[in-house]
Amino acid sequence: MSDLHLNIKVWRQNQKNDSGHFETYKVTANEHMSFLEMLDVLNEQLVREKKDPVAFEHDCREGICGTCSMVINGQPHGPLAATTTCQLHMRFFKEGETIVVEPFRASAFPVLKDLVVDRSSFDRIIQSGGFISVNTGQAPDGNAIPIEKDKAGKSFEAAACIGCGACVAACPNGSAMLFTSAKVTHLGLLPQGKVEEEKRVQAMVAQMDKEGFGMCSNIGACEAECPKEIKLENIAYLNRAYLKSVFSGE
Amino acid sequence: MQWLVQFFSSGIGKKVLMSLTGLFLILFLIVHLIGNLQLLKDDGGQAFNLYADFMVHNPLIKTISYGLYFFILLHAVLGLLIAAYNRKLKGQKYAVSNSQKTTWASKNMALLGILILAFIFLHMGDFWFKMKFTDQLNLQTYDGVTVKDLYARVSIAYQELWIVVAYLVGLFALGFHLWHGFQSAFQTLGLNHKKYTPTIKGLGKIYSLVIPLAYAIIPIYHYFFMK
Ligand code: SF4
Ligand code: FES
């Protein structure tokens, strides 16, 4: 178990409309720590020095809640593919390295404090139509309608989206198409969700535009950074479903 | 009609417009190339001049060409508006950015587009405008038919090194723009499937190499071999 001596250059911003700046701290972290645990060490140090700890979001720390948003050395959730910040271990960094930590950047995700951004725009996209409005029953009822293996698989893959927002953070257009498309595909491929697809897709796209997310130009930065490996094919599905709802819908 | 207005005011609707106009322009590039390869013929410009005369007088071609001008403008103006809108929404820049697995072209479509637009102004100002709206071109008679000698104008233009270089820069930008744009147009229309997407991507790469190269032959050939 060896220790790493790191320089953590982190974004500090007191509140929403402050201009903010970088601060660099020396941190000694064990290589088996997760990135968040390394930040815990830094914060304990700051508290001991009677300084303001670095605000960052976290909840599950097992890669399923999607709250641990931050950009590490220019990549949302850091350098490891298909890995959230909480699952990223310090052994992937080098001894003596300077690690730059920034909040997600997008005007629809305003910074609240340090690394914490307001991602409630995602909640409102879900509220606008990312659900099935009837009760579909208990778990056994899930098997009442047979679903093609291939479709079930694709739906499940899309359902893996944890709503973390890394796609928006990575996108040079600040677009939320990967997130929204994952939700639309997840529900739309299942017979229970298909029924409301037209309404869903119209409402979610309108909400996405209203929240101030940019327009997708198929750069693919989102797919490359998504910790759950959501694919660009989902965006094509969303475009298809949207076109269908416009041209053949009610 | 309100549904249509609503569609085009959505983000996806605007991108669909970009995709459709882009695909139309991709088709145009082929037709334009085929016609203009006649500039390489060693007949003193007869075939090309007759063809050019036909293109500016045939009513059907005329109608299509107005559509073409409109689509070029729509694609350019909307593209720039979208780029400006997106840039504003992206907010503050990252101190370090390390974006993975993305092409340079995909992130610089607006810049490439501006270069192409500048090129189109130069190109149309020099040939199309002079052909259609001025009497600057000499006349040539072939078998009793008198037409404007656009060929001579083109040939003279391509003796100027700076024009040849400007064309090559424009075509270079076009190649990069197509490198991303060709396949992106299909994705925006929702056409992405493992059955045909690899073919579309392959075709897009071939197209964005071959078409600009073929165009480039014309000024280069004139500069070096048709003094
Ligand atoms: S699509 Fe991927 S990057 Fe975007 S919110 Fe979902 S899990 Fe996060
Ligand atoms: S803390 Fe839940 S995904 Fe990282």
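Caption draft 1: Representation of the overall build of chain B in the model. When its secondary structure is counted, chain B shows 9 helices and 2 strands. Starting at the N terminus, the α and β elements of chain B follow one another as α-α-α-α-α-α-β-β-α-α-α. Each principal axis of the C-alpha atoms in chain B carries an extent, and together these give about 60 × 45 × 40 Å. Of all 227 residues assigned to chain B, the portion counted as buried reaches 45%. For chain B, restricting intrachain contacts to residue pairs at least 6 apart in sequence, the fraction spanning at least 24 positions comes to 74%. Of the roughly 12,700 Å² that chain B leaves accessible, carbon and sulfur atoms contribute 71%. In chain B, 19 side chains carry a positive charge and 8 a negative one; their mean positions are 29 Å apart.

Caption draft 2: Summary view of the domain arrangement of chain A. Residue and element names in this part refer to chain A. Segmentation of chain A into domains returns domain 1 (3-112) and domain 2 (119-248). Residue-level contacts link 20 residues of domain 1 with 19 residues of domain 2. Overall, the association of domain 1 and domain 2 removes approximately 1,400 Å² of surface from exposure, summing both partners, and the carbon and sulfur fraction of that is 60%. When the area that domain 1 buries against domain 2 is broken down by residue, the three leading residues are P76, A108 and F109, summing to 37%. Summed over the shared surface of domain 1 and domain 2, the number is 1 salt bridge.

Caption draft 3: Representation of the side chain of T197 of chain B. Residue and element names in this part refer to chain B. Mapping T197 onto the fold places it in helix 9 (residues 197-225). A polar atom in the side chain of T197 sits 2.7 Å from the backbone nitrogen of H193. Dropping the residues within four chain positions of it, T197 is found in contact with L191 and N192.

Caption draft 4: Representation of the nonpolar core within the structure. In this structure, F109, F122, V168 and F213 of chain A are the most contacted members of the largest nonpolar core, which totals 66 residues. Each of domain 1 (3-112) and domain 2 (119-248) of chain A gives at least three residues to this core. Not counting residues up to four positions away in its chain, the partners in contact with F213 of chain A are A108, F109, S121, F122, I125, V168, G174, S175, A176 and M208 of chain A together with Y85 and L89 of chain B. With 26 residues, the next largest nonpolar core counts I8, L36, F56 and M70 of chain A among its residues.

Caption draft 5: How the structure looks around the packing of aromatic side chains. For the structure shown, the criterion picks out 28 aromatic pairs over all chains. Ring centres 5.1 Å apart and planes at 80° place the aromatic pair W11 of chain A and F22 of chain A in the edge-to-face group. Taken together, the residues W11 of chain A in strand 1 (residues 3-12) and F22 of chain A in strand 2 (residues 21-30) connect sequence positions 11 residues apart. Assessed through its relative accessible area of 5%, W11 of chain A is described here as buried. For F22 of chain A, a relative accessible area of 25% corresponds to the partly exposed category. Pairing F122 of chain A with F179 of chain A gives two aromatic rings, centres 3.7 Å apart and planes at 5°, and the pair type is stacked. Here F122 of chain A is found in helix 2 (residues 120-129), whereas its partner F179 of chain A is found in helix 5 (residues 177-188), with 57 residues between them in sequence. An aromatic cluster is defined as three or more aromatic residues linked by ring pairs; in this entry it consists of Y242 and F247 of chain A together with W3, F7 and F8 of chain B.

Caption draft 6: Region of interest: the site of ligand 1. Residue and element names in this part refer to chain A. Close to ligand 1 lie 13 residues; C161, C164, G165, C167 and C226 are nearest. Sorting the residues of the shell around ligand 1 by element identifies helix 4 (166-170) and helix 5 as the ones contributing at least two each. In terms of residue class, the shell around ligand 1 is made up of 11 nonpolar, 2 polar and no charged.

Caption draft 7: Summary view of the pairing of strand 2 (residues 145-148) of chain B. As paired strands, strand 1 (residues 139-142) of chain B and strand 2 of chain B are joined by 4 bridges and run antiparallel to one another. Its bridge partner being in strand 2 of chain B, Q140 of chain B is matched across the sheet by V147 of chain B.

Caption draft 8: Up close: the packing of helix 1 (residues 2-9) of chain B against helix 2 (residues 11-36) of chain B. Residues and elements named next belong to chain B. At a minimum axis distance of 4 Å, the contact between helix 1 and helix 2 shows a crossing angle of 85°. Overall, the two elements helix 1 and helix 2 adopt an arrangement that is roughly perpendicular. Of helix 2, the residues touching helix 1 (which contributes F7, F8 and S9) are G11, G13, K14, V16 and L17. Its residues assigned to classes, the contact of helix 1 with helix 2 comprises 4 nonpolar, 3 polar and 1 charged.

Caption draft 9: Local environment of the interface of chain A and chain B. Listed by partner, the interface residues are 46 residues for chain A and 36 residues for chain B. Approximately 3,400 Å² of surface area, both sides summed, lies buried where chain A meets chain B, with 57% of it carried by carbon and sulfur atoms. On the chain A side of the contact with chain B, R105, M215 and N218 of chain A bury the most area, a combined 21% of that side's loss. Between the two partners, chain A and chain B, sit 0 salt bridges. For the pair chain A and chain B, the interface holds 24 residue pairs in polar contact (both at pLDDT 80 or more). Tallying contributions element by element places helix 9 (residues 233-247) of chain A first for the side of chain A that touches chain B, with 10 residues. Residues of the side of chain A that touches chain B, tallied by class, amount to 27 nonpolar, 12 polar and 7 charged.

The rules behind each value
Residues numbered from 1 in each chain as written. Chains lettered and ligands numbered in written order. Predicted model: local features only at pLDDT ≥ 70, side-chain atom pairs only at ≥ 80, totals over all residues. Heavy atoms only, no water. Helix = DSSP H or I, 4+ residues; strand = E, 2+ residues; numbered from the N terminus. Buried < 20%, exposed > 50% of the residue type's maximum accessible area, 1.4 Å probe, protein only. Contact = heavy atoms within 4.5 Å. Areas by Shrake-Rupley, 256 points an atom, 1.4 Å probe, with all protein chains shown as cover. Lys, Arg positive; Asp, Glu negative; His and termini not counted. Charge placed at Lys NZ, Arg CZ, Asp CG, Glu CD. Domains from an automatic or database assignment. Buried area = accessible area lost by both parts, 1.4 Å probe. Salt bridge = Lys/Arg side-chain N within 4 Å of Asp/Glu carboxyl O. Polar contact = N/O pair within 3.5 Å; in protein donor to acceptor, adjacent residues only side chain to side chain. Core = buried A, V, L, I, M, F, W, Y, C linked by side-chain atoms within 4.5 Å. Phe/Tyr/Trp six-rings, centres within 6.5 Å; stacked < 30°, edge-to-face > 60°. Near = heavy atom within 4 Å. Nonpolar A, V, L, I, M, F, W, Y, C, P; charged D, E, K, R; others polar. Pairing = 2+ DSSP bridges. Axes fitted to C-alpha atoms, helices over the stretch in contact; angles between N-to-C directions. Parallel < 35°, antiparallel > 145°, perpendicular 65-115°, else oblique.

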